[in-house]
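# Examining the three-dimensional arrangement
So you can see what is in the structure, the chains are spelled out below.
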Amino acid sequence: MTATLALPSVAPLRAAPPPREAPRRAVYDVRALSKIYRMGEVEVHALRSVDLELYQGDLVVLLGASGSGKSTLLNILGGLDTPTSGTVRFAGRDLTAADDRALTRFRRESVGFVFQFYNLIPSLTARENVALVTEISRNPMQPEEALAMVGLADRADHFPAQMSGGEQQRVAIARAIAKRPEVLLCDEPTGALDYETGKLVLNAIATVNRELGTTTIVITHNAVIAAMADRVLRISSGHIVEDRRNASRASIEELSW
Amino acid sequence: MRALNRKLLRDLRHLRGQMLSIGGVVACGVAAVVAMGSTLQTIDHARASYYEHARFADVFATLKRAPEPLASRIAEISGVAAVETRVTAAVLLDVPGLAEPATGWIVSVPTDREQTLNRVHVRRGRWPAPGVGNEVLVGERFAEANALTIGTRLSAVINGRWQRLTIVGVAMSPEFVHEVGGGGTTMFSDSRHFGVLWMGRDALGPLYGMDGAFNDVALSLSPGANEQSVIERLDALLVRYGGGRAYGRDDQPSNVVLTNEVKQLRAFGIVMPAVFLFVAAFLVSIVLSRLVATQRGEIATLKAFGYHDHDIAMHFMGYALAAVLLGAVLGVPFGAWVGSKFTALYVAYFSFPELTHHTSVGLVALSLTVAAASAVIGALAAARAAAALPPAEGMRPPSPLVYRPLLLERLGFTGVFTPTIRMVLRSMERRPWRAAASIVGVALAVGTFVGGTFAFDVAMYMGDLQFRVIERADLSVSFIQPLPARAFHDMSAVPGVSRVEMYRSVPVRLSAGHRFRQIAITGLEREGTLRRLVDADGRTYAIPPAGLVLTKALASVLRVAPGDTVRMELLERGGEERRVVVTALLDELLGTAGYMEIGELNRLVGEGPVVSGAYVALEPGAESRALGVLRRLPSVAGATPRRAMLESFEEQITSMITLTTTVVALLASIMAIGVLYNGARIALSERGRDLASLRVLGFTKREVAGMLFGEQAVVNVLGTPLGLLMGVGLAFLIASAFDSELYRFPVIVTPRTYLWGVVMVVVAGLGAGIAMRRRINALNLVEVLKTRE
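Bear in mind the structure is a predicted one, so any value in this text is a computation, not a measurement.

## Digging into the overall build of chain B
For chain B, the helix and strand inventory stands at 22 helices and 22 strands. The dimensions of chain B, computed from C-alpha atoms along their principal axes, are 100 × 55 × 50 Å. For chain B, restricting intrachain contacts to residue pairs at least 6 apart in sequence, the fraction spanning at least 24 positions comes to 84%.

Spelled out as structure tokens, the structure:
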């Protein structure tokens with residue numbers, strides 16, 4: 001595998017206990033990725049020739065200020081958006097060559113999304129919101145199982161309007177992981193939450209990553225959160241300006257901001 | 001332009017699909033008012049001005065024979081303004097190009113002076129010349145139906161002798177605006193086989209031995225005269241001359257048909273617009289409520305800047321009025337066009353010297369007022385909500401809707417629905433009134449379609465019943481005057497005849513108390529099979545051996561029941577009186593009629609065994625041969641083939657079906673599309689964020705569209721059967737409006753009509769879906785992740 005060769009200087013820095021054995025498989029292989037938006041007369045370079053590999057089972061935190069291009073990168077990785085140039089390969093498949101139908105199938109089978117504003121269906125209970133996704137999946141877990149994993153087994157029959165923001169976000173995580181996706185993409189999952197509930201949500205994400213081994217990418221502008229990651233990417237003006245591996249993952253309890 | 005108005009215009013452009021669909025429904029309501037109203041006004045106006053201009057008489061009477069000087073005694077009756085005496089008679093006609101004989105009604109006209117009443121208007125050609133015996137004017141309908149031109153020659157049996165007649169002109173008269181044949185009183189008369197002729201009095205009188213005498217008189221009344229007392233005095237004067245009872249305009253056959261038609265138009269003109277404007281009000285209400293909900297922040301901002309509550313309310317009223325304006329722009333010309341088409345249809349049935357369709361300014365104003373009122377009512381709740389929104393609250397997002405498990409789930413039926421179905425059903429249950437009104441909207445569309453087109457099912461049923469079940473003779477032959485019963489043998493001897501049944505027809509005036517009607521009692525053979533007593537449901541009855549059978553309609557006019565005795569005055573015998581017991585009532589479709597067993601009727605009249613005509617069954621292919629022989633029999637007044645009557649009936653119906661069905665289907669589709677499209681647009685606006693989220697989660701466009709249209713599908717599935725029921729209800733309503741003494745209007749709806757109603761909504765639903773497809777494709781998946789609702 002070329003994966004280890006890509007970051008030769010980083011790998012030896014990793015301290016014990018190593019969370020995964022090397023050599024590890026690259027889930028995403030991103031080459032010369034650029035994205036240019038046209039906003040009226042103005043061209044916005046959201047991503048400028050990004051090269052990147054992301055590895056199986058890693059919990060990656062993507063840091064950046066607003067407008068840095070981190071959401072654009074996440075959306076392209078999740079098959080929600082297409083780049084202006086460059087390629088993105090997911091498990092060997094070229095996402096940049098896929099049409100809308102293929103991207104829908106990709107999202108359906110391989111990706112779990114968690115959004116800043118939860119995006120739950122208000123007319124469905126927690127269990128039903130999860131079931132909505134498990135019913136269109138090939139090998140899902142039971143909705144109850146997914147809810148138990150985020151600590152909401154007893155809230156399964158509540159509607160979103162009857163739950164707190166943190167609880168809603170955990171339902172969203174349960175909904176995202178119930179299909180056993182290959183990657184879990186979280187866009188500012190704590191952005192709309194207070195400190196305590198934010199930590200509960202991060203804990204749920206860390207648990208999922210640990211127990212299921214799902215490759216997880218968390219976008220945040222909160223640098224403290226980076227401590228929970230295996231790998232930290234910092235993005236600025238469309239470039240990846242920092243790429244480092246944490247010697248050890250901090251537990252959520254240790255985080256404070 | 002004020003900034004707020006600029007916002008209104010921009011929003012309207014943004015909402016153009018919804019505005020167009022609402023405007024379309026408003027346009028239908030406006031068009032219905034304008035179309036029905038203008039047709040009604042046109043006919044009403046044409047009738048009033050024609051009656052006045054042609055001096056249509058107020059009172060009519062027929063008698064056997066009276067000397068002309070009696071006219072001046074009639075004129076002396078207090079309240080009588082003018083008197084016109086005539087000679088009238090039924091004639092048998094041999095028309096070029098027509099295989100079977102036609103019958104006519106011939107009326108004398110003066111050749112030496114102007115007519116005082118019922119002035120005949122010569123459309124083409126000239127007035128019959130004085131002293132020339134064979135010149136006639138013919139009625140326009142009859143002339144058109146048989147392509148008769150000036151100079152065409154006809155043969156007619158007048159008073160038992162063949163006469164050659166020459167057409168010198170084509171004419172019309174207020175007495176025959178509708179050329180009513182043989183006492184028939186429906187619009188579906190047979191103009192090929194019945195016509196009106198006018199002949200100079202100096203020529204016609206002598207042919208009937210009426211030189212210096214008359215057998216028919218028409219009067220006009222002076223203003224304020226009492227019609228009833230004039231009729232009584234006239235009757236008293238005419239009774240010794242064999243006068244039947246005189247009658248007023250209300251019983252004048254042509255006028256009765258015209259009055260009925262106007263009545264029907266008025267009923268339609270109220271029901272149809274009401275349905276459309278109700279739906280328009282509902283659509284305005286849901287679209288504006290949603291608009292106010294999405295513009296909370298804007299409303300709050302405007303208020304924060306100091307706009308008054310009523311400015312905001314008026315701003316939202318502006319959307320409703322824009323829909324009315326659009327509706328008016330589309331609806332008024334469309335309605336005027338449909339009105340002109342309707343009027344053109346009436347031209348085929350009613351002869352007026354001028355029937356120019358006219359849409360009055362007042363009517364347009366009325367239609368707009370009604371439409372505006374419905375839109376304002378629809379907008380009221382939304383405008384009030386916008387006005388009442390406190391600015392501080394408007395700045396915050398609305399509190400989330402509280403959902404709960406479905407009623408069925410609360411009752412214990414859990415796990416029967418998929419999450420998708422739950423989403424659809426819970427959002428409907430959350431806003432039950434809106435779901436209900438949408439269902440009612442679809443139901444009204446289906447109902448309008450069924451109710452608007454079922455009349456043709458009925459007409460076809462009536463035609464079928466009349467010409468296949470009731471009248472089963474191939475030919476119906478009528479004699480110039482009653483003949484001895486041995487005429488049976490003459491009929492049986494006609495080549496090709498396989499069966500003959502004789503009948504007797506006695507014109508009478510039936511009365512019970514002060515109520516009366518003039519009809520002909522038909523005497524039928526007890527064992528007869530060619531002319532039967534059949535009720536509205538198609539059940540056949542035997543004629544009772546004794547007593548009189550009345551149609552239910554006639555019994556209700558006379559207020560009599562089986563067992564009651566009615567008085568019968570024999571019009572052919574100068575009003576001699578008989579009494580007869582009503583033994584049965586028949587729920588017959590057409591007309592007010594009475595039946596008796598033929599022997600019993602003859603005994604009652606006291607003229608011995610005589611017959612008025614025959615029902616004849618023919619061997620296959622014998623029709624033209626039999627008609628050829630019958631035409632040369634001087635005693636035969638008319639011989640009408642059933643086939644010809646049925647064909648002419650069906651032809652007339654078909655010509656009306658096409659226009660009406662097309663217009664009704666178009667209007668109903670516009671209504672269905674309005675309801676379904678706006679429903680889907682609002683669902684998309686409310687749930688667009690949810691649906692985009694689902695797209696992100698990997699749901700396909702098709703799956704998301706399924707969730708969006710799920711609600712519309714439920715509305716359709718519930719609304720359609722309700723609509724079919726409503727259609728039947730509307731049909732009953734229309735039928736009861738159409739129901740008259742002249743004919744009963746049953747409610748018959750064929751599966752074909754139901755099926756078309758269903759097809760119409762399904763197509764409308766698909767149309768709404770196609771219109772929405774672009775919007776589903778354009779759901780912004782990235783944007784939805786970044787925004788809080």
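## Focus on the domain arrangement of chain B
Domain boundaries in chain B define domain 1 (59-256), domain 2 (431-470 + 645-789) and domain 3 (497-618). Using only C-alpha atoms to locate each centre, domain 1 of chain B and domain 2 of chain B end up separated by 51 Å.

## Thoughts on the confidence of the model for chain B
On average, residues of chain B score 86 in pLDDT, and 94% of them reach the 70 mark or higher. Within the model, pLDDT remains below 50 along residues 181-188 of chain B, and this stretch shows 22 contacts once partners closer than five positions in the same chain are excluded.

## Describing the packing of helix 7 (residues 253-294) of chain B against helix 14 (residues 432-470) of chain B
All names here are of chain B. Relative to each other, helix 7 and helix 14 sit at 150°, their axes nearing to 10 Å. When the axis of helix 7 is compared with that of helix 14, the two are roughly antiparallel. The hand of the helix 7/helix 14 crossing is left-handed. Contacts between helix 7 and helix 14 involve V275, V279, F282 and I286 on the former and, on the latter, R434, A437, G441, L444 and T448. Considered class by class, the residues forming the contact of helix 7 with helix 14 number six nonpolar, two polar and one charged.

## Focus: the sheet that holds strand 10 (residues 213-221) of chain B
Residue and element names in this part refer to chain B. The strand order 2-10-1-11 describes an open sheet built from four strands, whose pairing is antiparallel. Each end of this open sheet is capped by a strand with a single partner; those strands are strand 2 (80-86) and strand 11 (247-248). Summarising the sheet, strand 1 (residues 59-67) and strand 10 pair through six bridges and their orientation is antiparallel. Bridging across to strand 10, F60 finds its partner in A218. Against the sheet, helix 6 (residues 227-238) contacts strand 1, strand 2, strand 10 and strand 11, and its axis sits at roughly 15° relative to strand 1.

## Considerations on the sheet that holds strand 9 (residues 231-236) of chain A
Residue and element names in this part refer to chain A. If you walk across this open sheet you meet the six strands as 6-7-8-3-9-10, and the pairing is mixed. The open sheet terminates on both sides in strands that have one partner only, identified here as strand 6 (111-114) and strand 10 (239-245). Adjacent strand axes in the sheet meet at a mean angle of 15°, parallel and antiparallel pairs treated alike. Against the sheet, helix 6 (residues 165-177) makes contact with strand 6 and strand 7 (183-187), and its axis sits at roughly 170° relative to strand 6, the strand it touches most.

## Observations concerning helix 9 (residues 309-347) of chain B
Since the α-helix packs 3.6 residues into each turn, any two residues three or four apart lie on the same face. Look at helix 9 of chain B: 55 Å from first C-alpha to last across 39 residues, which is about the 57 Å you get at 1.5 Å a residue. In helix 9 of chain B, a bend of some 30° at G331 of chain B exceeds every other bend along the element, and P333 of chain B, a proline, comes one to four places later.

## Concerning unusual backbone geometry
Non-glycine residue Y118 of chain A carries a positive phi angle of around 65°. For Y118 of chain A, a count of 24 C-beta atoms within 10 Å gives the class buried. In this structure, R55 of chain B takes a positive phi of about 55° despite not being glycine. In this fold, R55 of chain B is placed in the loop between helix 2 (16-53) and strand 1.

## With respect to the interface of chain B and chain A
Listed as interface residues are 22 residues of chain B and, on the opposing side, 23 residues of chain A. Elements represented by at least two residues in the side of chain B that touches chain A include exactly helix 13 (419-430), helix 19 (642-696) and helix 22 (783-786) of chain B. Sort the elements by how many residues they give to the side of chain B that touches chain A and helix 13 of chain B lands first, with five residues. For the side of chain B that touches chain A, a count of residues per class yields 13 nonpolar, five polar and four charged.

## Regarding the packing of helix 2 of chain B against helix 7 of chain B
Residue and element names in this part refer to chain B. Remark: helix 2 packs on helix 7, axes separated minimally by 9 Å, with the N-to-C direction vectors making an angle of 165°. Relative to helix 7, the element helix 2 lies roughly antiparallel. Crossing of helix 2 against helix 7: the hand is left-handed. By residue class, the composition of the contact of helix 2 with helix 7 is 22 nonpolar, five polar and three charged.

## Side note on the pairing of strand 3 (residues 59-63) of chain A
A regular strand places its side chains so that they alternate between the two faces of the sheet. All names here are of chain A. The element strand 3 is largely enclosed, with a buried count of five among its five residues. In this structure, strand 3 lies alongside strand 9, joined through four bridges in parallel fashion. Considered in strand 9, the bridge of L62 is made with L233.

## Side note on the environment of L401 of chain B
Within the secondary structure layout, L401 of chain B lies in the loop between helix 11 (391-395) and helix 12 (407-410). With 14 C-beta atoms counted inside 10 Å, the residue L401 of chain B sits in the partly exposed group. Taking C-alpha positions, L401 of chain B is 28 Å from H308 of chain B, a pair spaced 93 residues apart along the chain. Setting aside residues up to four positions removed in sequence, L401 of chain B forms contacts with P122 of chain A together with R430 of chain B.

## Side note on the environment of L355 of chain B
Tracing the backbone shows L355 of chain B in the loop between helix 9 and helix 10 (361-388). Considered as a pair, L355 of chain B and T343 of chain B are 12 residues apart in the sequence and their alpha carbons are 7.6 Å apart.

## A short note on helix 18 (residues 623-631) of chain B
Residues and elements named next belong to chain B. For helix 18, the set of buried residues is A626, L627 and L630. Projected onto a plane normal to the axis of helix 18, the buried residues spread over an arc of 100° and lie on a single side. Here the buried face of helix 18 lies against strand 12 (475-484), strand 13 (497-512), strand 21 (610-618) and strand 22 (636-641).

Thresholds applied
Residues numbered from 1 in each chain as written. Chains lettered and ligands numbered in written order. Predicted model: local features only at pLDDT ≥ 70, side-chain atom pairs only at ≥ 80, totals over all residues. Helix = DSSP H or I, 4+ residues; strand = E, 2+ residues; numbered from the N terminus. Contact = placed C-beta atoms within 7 Å. Domains from an automatic or database assignment. pLDDT = per-residue confidence, 0-100. Axes fitted to C-alpha atoms, helices over the stretch in contact; angles between N-to-C directions. Parallel < 35°, antiparallel > 145°, perpendicular 65-115°, else oblique. Left-handed = near helix turned anticlockwise from the far one by under 90°. Nonpolar A, V, L, I, M, F, W, Y, C, P; charged D, E, K, R; others polar. Pairing = 2+ DSSP bridges. Expected span 1.5 Å × (residues − 1). Bend = angle between axes of the 7 residues up to and from the residue. Buried ≥ 20, exposed ≤ 12 C-beta atoms within 10 Å, placed from the backbone. Arc of directions from axis to C-beta.

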